[in-house]
Amino acid sequence: MPRNNGRITMETQLPEKINVIRSITYDVPSIVDSLKELMGEEDINIDSVMEYIEDWVSEDMSAPLSRHDLTYLDENGMEL
């Protein structure tokens, strides 16, 4: 969708909906290393990794917003 300095023109149409997504990235190899070294775990699977980051997610989601971790998408999944 073209941006015209926020103005709507005949060539542009407003999306029906805008989704705002806050994304946080966790480094899985580092988590696996931590699980092995700190926790002594050997059988590491996706459930182990998800459980390990569960507390982090809650804390990270309550942190102040940064415009760099927000993604704006129209109803077709196109980034605005």
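These lines cover the structure that appears in this document, whether it is placed above or below.

Rules used throughout
- Residues numbered from 1 in each chain as written.
- Predicted model: local features only at pLDDT ≥ 70, side-chain atom pairs only at ≥ 80, totals over all residues.
- Heavy atoms only, no water.
- Core = buried A, V, L, I, M, F, W, Y, C linked by side-chain atoms within 4.5 Å.
- Buried < 20%, exposed > 50% of the residue type's maximum accessible area, 1.4 Å probe, protein only.
- Helix = DSSP H or I, 4+ residues; strand = E, 2+ residues; numbered from the N terminus.
- Contact = heavy atoms within 4.5 Å.
- Patch = residues over 30% accessible without salt bridge, like charges linked within 9 Å, V, L, I, M, F, W, Y side chains within 5 Å.
- Areas by Shrake-Rupley, 256 points an atom, 1.4 Å probe, with all protein chains shown as cover.
- Salt bridge = Lys/Arg side-chain N within 4 Å of Asp/Glu carboxyl O.

Quick notes on the nonpolar core
- Among the nonpolar cores identified, the biggest contains six residues, and these are Tyr-26, Ile-31, Leu-35, Val-49, Tyr-52 and Ile-53.
- Tallying contributions element by element places helix H2 (residues 46-61) first for this core, with three residues.
- When near neighbours in sequence (up to four residues on either side) are disregarded, Ile-53 contacts Tyr-26 and Ile-31.

As for a nonpolar patch on the surface
- The grouping of Ile-18, Val-20 and Tyr-72 at the surface amounts to a nonpolar patch, some 280 Å² of accessible area in total.
- Among the structural elements, Val-20 can be located in strand E1 (residues 18-22).

Remarks on the side chain of Ser-48
- Its place among the elements puts Ser-48 in helix H2.
- Leaving out residues up to four positions away in the same chain, Ser-48 has contacts with Leu-35, Glu-41 and Asp-43.

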